[in-house]
Amino acid sequence: MAHRGCRAMTLVETRGTIRIDSERCKGCELCIPACPPRVLRMSEGRNTRGARVPELLAGCTGCSACLLVCPDFCIEVYQYAEPVMLEAVNASESGSGDNEVTA
Amino acid sequence: MAHRGCRAMTLVETRGTIRIDSERCKGCELCIPACPPRVLRMSEGRNTRGARVPELLAGCTGCSACLLVCPDFCIEVYQYAEPVMLEAVNASESGSGDNEVTA
Amino acid sequence: MSSDRLDVLDTHGRPTRVSTRVGEFEPKLLLDGEHDLCPGCGEPVAIRLLLEVIEELGYAQDSIGVIGIGCYTAFTGLIDVDLIQALHGRAPSVATGAKRMRPDKLLFTLQGDGDMVNEGLQEVIHTAARGESVTCVLLNNGVFGETGGHMTATTALGQRTKTSLEGRDADYHGYPIPIAELLVPLGGVSYVARGSVADAKSVVRTKAMLRKAFEAQIAGEGFSLVEILTMCPTGWFIPTADGPGYLDEVLGEVHAAGELVVGGKPVGKGASG
Amino acid sequence: MSSDRLDVLDTHGRPTRVSTRVGEFEPKLLLDGEHDLCPGCGEPVAIRLLLEVIEELGYAQDSIGVIGIGCYTAFTGLIDVDLIQALHGRAPSVATGAKRMRPDKLLFTLQGDGDMVNEGLQEVIHTAARGESVTCVLLNNGVFGETGGHMTATTALGQRTKTSLEGRDADYHGYPIPIAELLVPLGGVSYVARGSVADAKSVVRTKAMLRKAFEAQIAGEGFSLVEILTMCPTGWFIPTADGPGYLDEVLGEVHAAGELVVGGKPVGKGASG
Amino acid sequence: MEREVMLTGIGGQSVQLAAQILARASLLEGRHAMFLGTYGGTMRGGNTDSTVIIGDAPIVSPPIVSSTWSAMVMHHQFWQPLREKLRPDSIVVVNSTLFENSFATADSATDSTAPEDVPRIFEVPATQIATDLGNALGASLVLLGAFASLTRLVGLDALLQAMRDSIPSYRRQHVGANETALERGFESLPPNGAPAWPTAGVAQ
Amino acid sequence: MEREVMLTGIGGQSVQLAAQILARASLLEGRHAMFLGTYGGTMRGGNTDSTVIIGDAPIVSPPIVSSTWSAMVMHHQFWQPLREKLRPDSIVVVNSTLFENSFATADSATDSTAPEDVPRIFEVPATQIATDLGNALGASLVLLGAFASLTRLVGLDALLQAMRDSIPSYRRQHVGANETALERGFESLPPNGAPAWPTAGVAQ
Amino acid sequence: MTRTLMEGSEAIATAAVAAGCRFFAGYPMTPFTEVLENFGKRLPAVGGVCINAESEIEAIGMTWGALATGARAATGSTGQGLALMQESLSEITRAELPLVVFHMARGQGDYYQATRGGGHGDYRHIVYAPIDVREAVELTELAFDRADHWRNPVQIYGDYLLAHTSEGVEFTADPFVPVAKDWAVDGSLGGSGRSRNINPIGMQKGSKSIDPESFWKRLQVKHDQIEASEARFESESTEDAELLVVAFGSVARFVRHVVRELRSEGRKVGYARPISLWPFPAEALAAAARGTQRVAVLEQNAGQMIDDVRLSVLGSVPVVGIGGISSDSAGFGMGPLLDTRVIRGRIESALENLEVST
Amino acid sequence: MTRTLMEGSEAIATAAVAAGCRFFAGYPMTPFTEVLENFGKRLPAVGGVCINAESEIEAIGMTWGALATGARAATGSTGQGLALMQESLSEITRAELPLVVFHMARGQGDYYQATRGGGHGDYRHIVYAPIDVREAVELTELAFDRADHWRNPVQIYGDYLLAHTSEGVEFTADPFVPVAKDWAVDGSLGGSGRSRNINPIGMQKGSKSIDPESFWKRLQVKHDQIEASEARFESESTEDAELLVVAFGSVARFVRHVVRELRSEGRKVGYARPISLWPFPAEALAAAARGTQRVAVLEQNAGQMIDDVRLSVLGSVPVVGIGGISSDSAGFGMGPLLDTRVIRGRIESALENLEVST
Ligand SMILES: Cc1ncc(C[n+]2csc(CCOP(=O)(O)OP(=O)(O)O)c2C)c(N)n1
Ligand SMILES: Cc1ncc(C[n+]2csc(CCOP(=O)(O)OP(=O)(O)O)c2C)c(N)n1
Ligand code: SF4
Ligand code: SF4
Ligand code: SF4
Ligand code: SF4
Ligand code: SF4
Ligand code: SF4
Ligand SMILES: [Mg+2]
Ligand SMILES: [Mg+2]
């Protein structure tokens with residue numbers, strides 16, 4: 001597992017992205033293992049319902065697997081016209097921050 | 001079919017006999033085809049219910065087939081200790097008389 | 001009547017020759033053999049077998065029967081076994097409750113196709129899946145005999161009933177339910193067989209099925225069912241004498257005789273009992 | 001929280017890059033995606049598929065749904081299709097009556113295992129045997145979710161429920177009913193399949209099953225049923241994230257996914273859809 | 001004015017058919033009619049009875065009557081309850097072929113003319129007539145024809161038409177034989193011997 | 001004399017457990033008790049309230065009361081209906097860790113001493129205390145301990161015993177932590193600050 | 001106008017089809033069986049559907065579905081079968097579907113079932129008890145009309161006699177013109193945001209939750225309106241009557257006959273008949289009872305309608321039961337009480353102010 | 001004597017098992033579910049059986065079978081589930097089986113169902129409506145006793161509050177000693193010519209036919225005897241009351257509380273409660289109402305028990321309804337009416353002789 005503050009700063013091809021309606025999310029975590037490239041992980045923070053919510057890392061393929069398994073209709077999926085390269089970390093690392101980059 | 005009044009007077013081996021509760025009989029005729037040696041036929045006369053009832057000819061084997069198919073519990077079956085030879089006619093001949101011999 | 005007929009034997013009294021009685025008028029467990037069912041009805045024949053098997057197994061004083069509602073209900077007053085009269089369709093649940101309180105007794109139901117496969121279909125399926133240690137006996141004539149011969153859920157394709165005088169048509173009336181086959185995939189089932197009373201051979205074979213079903217119950221192997229095809233000339237609108245032939249050709253086509261589950265294991269479809 | 005985490009992407013708004021939306025939050029035929037079912041429940045996932053298929057087939061304005069009683073009933077207020085709310089267990093008959101009066105409409109039921117396999121088992125079997133041109137959709141989680149997670153007639157052996165906290169035991173609780181298999185011997189059935197929502201691949205496959213079932217109805221081929229295994233972490237007393245795995249290992253063992261009847265013909269047991 | 005006709009017989013004697021034809025014929029003649037058939041409890045092959053009520057205005061009588069203006073008796077077996085509903089002046093037409101002993105004996109009355117305390121009895125060998133016609137099942141229609149002739153409760157034309165209306169299409173082949181049965185019955189009792197209506201009945 | 005205690009919180013806060021322990025403890029001390037839990041309609045994860053009534057004699061009050069002698073408030077989210085049942089002299093013990101703003105603010109009263117028109121409010125950082133004990137789920141027991149100390153409605157021994165009686169066997173491992181929670185709660189408010197019974201409560 | 005001879009069951013089915021009924025589902029049971037058979041004969045001819053359902057519960061479920069699409073539809077049975085339908089009968093009322101139920105009872109023991117329901121909750125069905133086949137035809141037509149008008153079930157409560165008596169009947173009603181039902185589901189509003197929802201539990205589209213209280217109260221208001229406007233009643237010779245005899249359905253036909261007989265002999269006896277059992281014509285009955293010395297209720301059961309009679313006159317005049325359980329050996333209800341001589345005896349005893357033991 | 005804290009559902013199951021109940025079958029439905037769960041916990045421990053039946057109809061069928069063998073046995077549900085059981089509830093009464101039914105209703109809308117039945121035919125169940133958990137324990141014990149005594153079903157009619165309120169309860173009844181039931185089927189009399197037959201349609205062994213009339217009349221006699229002897233009633237402060245308030249079950253607990261409050265303030269108001277809804281304590285209620293100026297019935301429904309109250313006082317004093325439909329959003333019956341302030345308002349209005357609109 002990558003060490004905090006010492007991340008592997010690799011670039012990964014990212015072909016799509018998702019929108020998350022994080023207020024609807026009930027934190028069931030079903031989307032996490034559903035994501036084939038494993039670019040989803042649960043947040044440390046909680047929404048106003050008290051649930052942790054998924055966060056997206058670089059490398060989304062826009063495959064919709066997360067959307068398909070989400071019971072709460074929290075996810076919308078986009079595919080980019082052109083793939084982009086984005087910085088990535090190991091998504092299996094637990095926890096998250098609240099700093100974000102615009103995809 | 002044998003001609004009336006001109007019967008074949010053969011002797012047939014008779015290994016058993018039946019009792020018929022003819023007042024219970026509803027005349028359904030199920031026992032007739034059930035009898036393997038075909039020694040049952042329907043009477044011409046009727047019981048007080050208005051039903052024609054089975055009559056036994058020589059040649060009964062005491063096999064109980066008639067009893068087994070009778071819906072009205074009209075038949076009791078006996079097997080003789082010793083087979084006897086009795087006069088017979090073709091049972092498929094229709095009709096019957098009221099003359100009887102003791103079996 | 002012609003006076004030259006000397007061939008008819010006397011069948012009124014007991015035989016005068018030395019002989020052994022090998023078959024009695026009515027089964028011992030019947031209070032009275034006189035009943036009001038129609039001429040040529042197959043139901044009393046099946047009931048004879050049921051009662052004989054109970055007697056022969058030595059369970060006359062250890063059996064409780066649960067009777068459904070149909071023509072056979074007329075026998076509730078005649079059968080000499082402790083009985084519970086159930087409502088139309090409900091016998092399997094009633095038998096379940098009784099068995100649970102009297103696990104040492106032989107519990108059976110006696111139901112018709114209208115009772116078991118129409119009104120109370122889920123009762124028998126649930127009871128079977130629960131592996132309830134009871135034996136259901138189905139008298140299947142493919143009609144509601146009692147109400148005048150209407151089509152039931154088991155009526156064979158082409159079968160004549162009051163509501164299918166031209167014969168049951170799949171497109172118009174739907175398909176018959178082969179209830180014995182339906183029970184095969186269920187885990188709780190130990191013995192399932194289908195017999196008939198159309199002829200003496202079938203009668204004998206059906207009696208063996210009843211015996212096996214009860215033996216499975218006695219051995220605690222789970223649920224058992226014996227379906228018995230019976231003639232209903234009244235509801236089929238045919239002469240009584242045509243009943244057995246019609247049964248074989250029409251009902252027997254859809255509901256093939258044979259054992260379906262033995263010792264909890266499915267056996268080949270239509271395998272002979 | 002650590003300030004050096006720059007890797008999380010913004011998922012609040014629409015993407016700023018040129019892109020195509022390939023999946024929407026909620027299906028078009030839902031008035032509101034906000035519902036009260038538990039976290040990790042599989043039912044909303046199945047309902048999404050159902051609604052998407054109706055939409056995609058162009059039947060949004062030609063469908064009538066009949067909803068049973070269970071947790072999914074909460075969607076009766078949310079689904080934007082003409083609906084009839086049925087009583088617990090009765091949806092197949094209600095759908096039958098509606099279809100007969102509106103033969104040109106797509107008729108479906110939405111029921112749970114408690115609804116379909118417990119309370120109303122005979123409804124679905126009779127409807128199937130009648131060859132009724134309706135599609136029954138079963139959400140099978142092996143529990144009465146709504147009442148708090150009690151055992152149903154489909155609860156898998158070993159499955160944890162409120163009334164089988166140690167897991168369902170065949171000797172004590174009886175065996176589960178494999179409802180899809182049960183329908184196979186029936187004549188009126190055109191399409192039967194079992195899917196699941198445990199993972200994205202199953203979800204996609206299940207959607208194809210729903211489509212085939214509706215297509216069979218539209219083609220007038222008879223009765224169709226799609227059983228969908230759904231997670232009920234609440235009734236199974238497990239963490240939400242364990243739902244899919246538990247489903248596959250426990251429910252999926254007894255109720256194997258696959259098509260059972262296609263075009264009115266039984267296909268190999270457990271054949272893949 | 002309402003006229004009650006009770007019919008009794010045993011299963012298979014077409015008693016209900018006769019009752020239905022009588023009621024239908026009355027409607028054809030512009031009167032009002034009601035009929036109710038009853039069968040012997042749960043026991044199969046038991047009695048089959050019927051009550052027909054015919055009137056000038058909508059029928060107000062209940063379909064089960066406690067006394068009757070007239071009766072048709074096809075068989076003696078279950079006839080006792082009907083017997084109890086006969087009034088001293090009731091008109092009774094009896095199928096003498098099957099009625100055990102003669103009606104008079106069964107009733108311990110002595111003749112078929114009408115003293116004050118016994119019904120007025122008319123015997124018709126209906127089964128014999130029908131059998132002779134080769135239509136044994138038509139006996140009830142013979143009796144009905146005879147009854148109609150005697151009482152002019154309905155006319156023969158109406159009876160014939162009502163019979164045709166009452167036979168289901170798959171039994172069409174029996175229409176001819178049934179016509180003959182009704183006609184022969186109609187000839188077998190004196191016309192208007194016991195008129196139903198104050199005026200001279202409907203012209204036959 | 002009957003004393004009402006209402007509890008409010010959100011799902012998962014063990015409100016019903018606290019209520020049950022309170023009722024059971026009262027029985028242990030020879031009093032009578034009744035309690036009723038209520039949950040937020042069909043909506044999952046909603047409010048969870050409870051009403052406990054304790055008395056010297058069999059309880060005659062219905063299980064839903066229209067005003068209450070006291071309250072325990074675990075969370076502000078669904079507390080408004082309870083607020084409306086408080087009397088001017090009601091005793092209210094509040095979980096100040098979670099209660100949004102301070103109770104006083106929420107209630108737009110100015111302090112927690114008891115002027116005539118507002119209830120008498122006692123704040124306990126129950127969730128904080130419980131979390132510090134490493135037993136965040138024990139917050140309701142902390143609040144219950146505090147409430148008992150304040151009112152002496154029941155004594156600590158009875159509470160401890162009732163808690164042990166209320167924990168199902170497969171949760172035995174939590175007994176120790178729960179004991180600590182009750183005890184720490186009991187220490188967190190002044191003993192007998194608002195006595196429930198005329199006499200000086202049951203000795204602790 | 002020609003009258004056609006029809007058995008009650010046939011007349012009812014014919015009248016129903018004439019009134020626009022296009023769907024029927026039922027399960028055979030004496031004495032209801034012939035009603036089902038007659039629908040089976042008549043509906044296909046007009047493009048309608050009759051299903052011989054696999055059970056009573058399935059029958060009413062099917063009818064529910066047909067009604068929800070806006071069709072005029074009916075089911076029926078005897079009391080036993082209706083007992084099985086009670087959950088549906090109650091909830092279908094809450095779903096406000098215009099169900100018509102043909103109840104061919106075994107005797108009159110199902111009065112409570114018909115008027116109080118055995119379902120759960122507060123609900124009511126309009127119940128008409130025809131005295132004869134002609135009235136059954138009229139009330140059948142009315143039943144479909146009132147059911148649609150109120151969106152509430154209506155029951156025709158008959159018996160063996162009604163179903164099996166043949167009478168000459170005329171059908172004079174105007175041909176039925178289907179009425180648009182904007183509440184019915186035809187599938188057309190899917191995806192519009194205004195899709196429909198036939199719902200017995202008060203769940204509204206666009207809402208996750210339900211508000212049973214306001215929903216049930218609304219039904220109560222409707223039932224109060226029905227109660228105030230739909231009662232039906234007939235009476236005869238009540239003016240100077242000392243004894244008023246109350247009966248319903250087929251039994252009333254015997255009672256009316258006897259009362260006329262007694263009147264023609266100068267006895268001061270009157271006759272009253274609730275045609276609708278719910279709403280019970282309490283006011284009309286109270287008015288008819290005014291001035292009498294005694295009200296006698298002749299029903300063929302252990303005493304059920306007598307409650308409603310007492311609730312109507314509320315102690316202003318004594319009410320006695322002079323009927324009683326009476327059945328033939330098959331239990332179909334044509335017992336020895338159905339005899340004008342027996343009934344005359346009961347009424348005369350009541351007239352003579354004697355205690356009548358049933 | 002130690003009191004154990006128990007929820008109503010647990011107390012009921014415990015009392016039933018103490019009273020010798022050895023079989024229970026039911027199907028989950030709020031608010032009855034916990035009764036089933038508690039039987040499931042308690043019965044196996046005493047060698048009894050609890051089956052989570054696949055449906056309500058199957059549940060009562062199973063119970064029927066258990067009862068027929070002579071066991072003490074029970075089932076239950078809410079009003080909806082009991083609606084499904086109506087055919088069985090009616091016929092099991094005719095089979096004269098000592099069924100006990102635990103009805104945890106949603107509100108009080110099932111009064112008619114409980115007291116008139118929705119089954120067919122003339123039959124009655126004894127119905128007890130406990131005011132609290134302690135009384136539920138007593139009445140549960142009594143229910144099994146009376147059911148056996150009369151061979152007639154007895155219903156315990158509770159609600160959400162009864163099932164879910166916890167109270168300290170004591171079990172003081174003597175340990176149950178099973179009684180021999182010579183009518184029960186144990187299989188032992190097969191082949192003896194005297195085999196038994198538990199039969200709802202009056203069919204006797206040795207006979208092909210039935211005689212429903214005499215059979216049903218015999219039941220009527222029994223029901224008349226029950227009516228004459230089993231009514232239960234409580235009242236308070238009726239002596240000089242101007243207004244008598246009548247309520248039953250949980251609701252009565254609120255009413256009694258308010259009446260005591262009002263009495264303590266000197267208002268002339270009395271309280272009356274039928275403990276048995278059938279037989280309805282008509283005489284006791286009429287006696288309590290004597291001298292009052294008005295009787296107010298507070299029930300949580302559109303007005304059902306009010307019929308029985310009116311039938312009791314028969315116009316001697318005006319009877320008004322001051323309750324009404326009231327429900328929470330789940331329909332379980334804990335609506336806004338269940339508030340002593342609201343109820344006090346209704347009673348005060350009645351006292352002031354004002355029209356109360358519900
Ligand atoms: C609930 C209910 N519905 C309907 C009936 C009417 N009924 C009595 S017997 C019967 C049919 C019985 O058919 P089946 O069980 O096949 O027996 P069969 O008469 O053919 O022997 C029916 C529908 C009833 N008794 N109960
Ligand atoms: C006749 C009847 N009995 C019982 C109930 C109570 N009930 C409501 S939902 C439900 C279980 C539903 O189970 P299922 O259909 O599997 O749906 P799930 O909740 O699992 O989604 C039950 C028993 C009811 N509503 N109606
Ligand atoms: S769309 Fe596919 S790749 Fe992107 S987050 Fe969802 S599951 Fe992962
Ligand atoms: S699957 Fe949906 S509800 Fe569950 S955690 Fe992911 S986004 Fe949230
Ligand atoms: S016993 Fe056998 S051989 Fe003898 S008559 Fe009967 S069937 Fe025929
Ligand atoms: S089978 Fe029996 S009832 Fe039928 S004809 Fe033969 S003896 Fe008679
Ligand atoms: S109707 Fe059919 S089943 Fe019934 S007795 Fe007659 S033949 Fe037998
Ligand atoms: S209880 Fe189960 S089925 Fe119901 S909403 Fe929760 S997870 Fe879904
Ligand atoms: Mg049959
Ligand atoms: Mg489920």
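To be clear, the structure that these remarks concern was listed above.
What counts, and at which threshold
- Residues numbered from 1 in each chain as written.
- Chains lettered and ligands numbered in written order.
- Predicted model: local features only at pLDDT ≥ 70, side-chain atom pairs only at ≥ 80, totals over all residues.
- Heavy atoms only, no water.
- Near = heavy atom within 4 Å.
- Nonpolar A, V, L, I, M, F, W, Y, C, P; charged D, E, K, R; others polar.
- Salt bridge = Lys/Arg side-chain N within 4 Å of Asp/Glu carboxyl O.
- Buried < 20%, exposed > 50% of the residue type's maximum accessible area, 1.4 Å probe, protein only.
- Helix = DSSP H or I, 4+ residues; strand = E, 2+ residues; numbered from the N terminus.
- Donors = N, O, S within 2.8 Å, 3.2 Å for Na, K, Ca; no water.
- Axes fitted to C-alpha atoms, helices over the stretch in contact; angles between N-to-C directions.
- Parallel < 35°, antiparallel > 145°, perpendicular 65-115°, else oblique.
- Left-handed = near helix turned anticlockwise from the far one by under 90°.
- Contact = heavy atoms within 4.5 Å.
- Buried area = accessible area lost by both parts, 1.4 Å probe.
- Polar contact = N/O pair within 3.5 Å; in protein donor to acceptor, adjacent residues only side chain to side chain.
- Pairing = 2+ DSSP bridges.
- Expected span 1.5 Å × (residues − 1).
- 1 Å grid on protein atoms, 1.4 Å probe; cavity = no way out; pocket = protein on both sides within 12 Å on 5 of 7 lines; lining within 4 Å.
- Points joined across faces, edges and corners; volume = space filled by probe spheres on them.

Draft legend 1. Just the site of ligand 3, in detail. If you check the shell around ligand 3, you find 15 residues, and the closest are C35, C60, C63, S64 and C66 of chain A. Partitioned by chemical class, the residues of the shell around ligand 3 number 12 nonpolar, three polar and no charged.

Draft legend 2. The pattern of salt bridges, seen in detail. Taken as a whole and judged by the stated rule, the model has 112 salt bridges over all chains. A salt bridge links E24 of chain D to R21 of chain D; the nearest nitrogen and oxygen atoms lie 3.9 Å apart. Residue class for E24 of chain D comes out partly exposed when judged on its relative accessible area of 32%. The residue R263 of chain H makes a salt bridge to D240 of chain H at a minimum N-O spacing of 2.9 Å. Separated by 23 residues along the polypeptide, R263 of chain H in helix α10 (residues 249-264) and D240 of chain H in the loop between β10 (233-236) and β11 (243-246) bring together distant segments of the chain. With a relative accessible area of 35%, D240 of chain H lands in the partly exposed category. Through salt bridges with shared partners, one network takes in R48, E52, E56, K207, R211 and E215 of chain C.

Draft legend 3. Structural detail: the coordination of the magnesium ion (ligand 10). Residues and elements named next belong to chain D. Around the magnesium ion (ligand 10), the protein contributes the donor atoms D113 (OD), N141 (OD1) and V143 (O), which lie 2.0 to 2.2 Å from the metal centre. Donor residues for the magnesium ion (ligand 10), ordered by position in the chain, follow D-x27-N-x1-V. You can see D113 sitting in helix α3 (residues 113-119) and its partner V143 sitting in strand β7 (residues 143-144), a full 30 residues away along the chain. The buried category is assigned to D113, whose relative accessible area is 1%.

Draft legend 4. Structural detail: unusual backbone geometry. Of note, the amide linkage connecting T30 of chain G to P31 of chain G takes the cis form, showing an omega dihedral of 0°. Cis rather than trans, the peptide bond between W278 of chain G and P279 of chain G has omega equal to -5°. In this model, N192 of chain E sits at a positive phi of 60°, which is unusual for a non-glycine residue. Note on placement: N192 of chain E falls in the segment after α7 (175-187). With relative accessibility at 28%, the residue N192 of chain E sits in the partly exposed group.

Draft legend 5. Expanded view of the packing of helix α1 (residues 8-18) of chain H against helix α7 (residues 133-150) of chain H. Residues and elements named next belong to chain H. The N-to-C vectors of α1 and α7 enclose an angle of 30°; their axes lie 9 Å apart at closest approach. What the angle tells us is that α1 and α7 run roughly parallel. As α1 runs across α7, the sense of the crossing is right-handed. Of α7, the residues touching α1 (which contributes G8, A11, I12, A15 and A16) are V133, A136, V137, T140, E141 and F144. When the residues that make up the contact of α1 with α7 are grouped by side-chain class, the tally is eight nonpolar, two polar and one charged.

Draft legend 6. Region of the structure containing the site of ligand 5. Neighbouring ligand 5 are 15 residues, the closest being C35, C60, C63, S64 and C66 of chain B. Partitioned by chemical class, the residues of the shell around ligand 5 number 12 nonpolar, three polar and no charged.

Draft legend 7. Inspection of the interface of chain A and chain D at higher detail. Taken together, the contact pairs 55 residues of chain A with 50 residues of chain D. Approximately 4700 Å² of surface area, both sides summed, lies buried where chain A meets chain D, with 57% of it carried by carbon and sulfur atoms. Across the chain A-chain D interface, the total number found is two salt bridges. Note that E26 of chain D is salt-bridged to R24 of chain A, the shortest N-O span being 2.6 Å. For the interface between chain A and chain D, the tally reads 14 residue pairs in polar contact (both at pLDDT 80 or more). Contributing elements (two or more residues each) for the side of chain A that touches chain D: β1 (10-20), β2 (40-46), β3 (52-56), α2 (65-69), β4 (75-88) and β5 (100-101) of chain A. At nine residues, the largest contribution of residues to the side of chain A that touches chain D is made by β4 of chain A. The class makeup of the residues in the side of chain A that touches chain D is 25 nonpolar, 14 polar and 16 charged. Note: β4 of chain A against strand β2 (residues 19-23) of chain D, four bridges, orientation antiparallel. Counterpart to V77 of chain A in the pairing with β2 of chain D is G23 of chain D.

Draft legend 8. Focus on the coordination of the magnesium ion (ligand 9). The coordination sphere of the magnesium ion (ligand 9), as far as protein atoms go, consists of D113 of chain C (OD), N141 of chain C (OD1) and V143 of chain C (O), spread over 2.1 Å. Sequence positions of the donors to the magnesium ion (ligand 9) reduce to the motif D-x27-N-x1-V.

Draft legend 9. Here's a closer look at helix α5 (residues 139-151) of chain E. Residue and element names in this part refer to chain E. In a regular helix each residue adds 1.5 Å, so 13 residues correspond to 18 Å; α5 covers 18 Å between its end C-alpha atoms and thus fits that length. With 13 of 13 residues buried, α5 lies mostly within the body of the structure. At the exit of α5 stands R152, carrying a positive phi of roughly 50°.

Draft legend 10. Just the arrangement of the chains, in detail. Regarding chain A and chain G, the two do not touch, and the least distance separating their C-alpha atoms is 14 Å. With no contact between them, chain B and chain G keep their nearest C-alpha atoms 22 Å apart.

Draft legend 11. The sheet that holds β2 of chain D, seen in detail. A sheet is described by the order of its strands in space; here three strands give the open sequence β1(A)-β4(A)-β2(D), paired in antiparallel fashion. Of all strands in the sheet, those bounded by a partner on one side alone are β1 of chain A together with β2 of chain D. Each strand of the sheet is rotated relative to its neighbour by a mean of 35°, with strand direction disregarded.

Draft legend 12. Main features of the packing of helix α5 (residues 139-151) of chain F against helix α7 (residues 175-188) of chain F. Residue and element names in this part refer to chain F. As a packed pair, α5 and α7 sit with axes 6 Å apart at the nearest point and diverge in direction by 40°. Our classification of the angle between α5 and α7 gives oblique. For α5 against α7, the interelement crossing comes out right-handed. Here L141, V142, L144, G145, A146, A148 and S149 of α5 lie close against α7, whose contacting residues are N178, A181, L182, G185, F186 and S188. Here the contact of α5 with α7 is built from residues that sort into eight nonpolar, five polar and no charged.

Draft legend 13. Quick peek at helix α9 (residues 243-254) of chain D. All names here are of chain D. End to end, α9 covers 16 Å across 12 residues, agreeing with the expected 16 Å (1.5 Å per residue, within 8%). Restricting attention to buried positions, one finds in α9 the residues G243, P244, Y246, L247, V250, L251 and G252. Where the residues of α9 are buried, they touch β6 (135-140), β9 (189-196), β10 (223-229) and α8 (233-236).

Draft legend 14. Representation of empty space enclosed by the protein within the structure. Counted according to the given criterion, the structure contains 17 cavities of 30 Å³ or more. Each pocket or cavity is described by its volume, and for the largest cavity that value is around 130 Å³. In terms of lining, the largest cavity is formed by 13 residues, of which the most central are R90 and Q122 of chain C, Q122 of chain D, I57 of chain G together with I57 of chain H. Those elements that place two or more of their residues in the lining of the largest cavity are α4 (121-129) of chain C, α3 (56-68) of chain G together with α3 (56-68) of chain H. Of the residues contributing to the lining of the largest cavity, the split by class is two nonpolar, four polar and seven charged.

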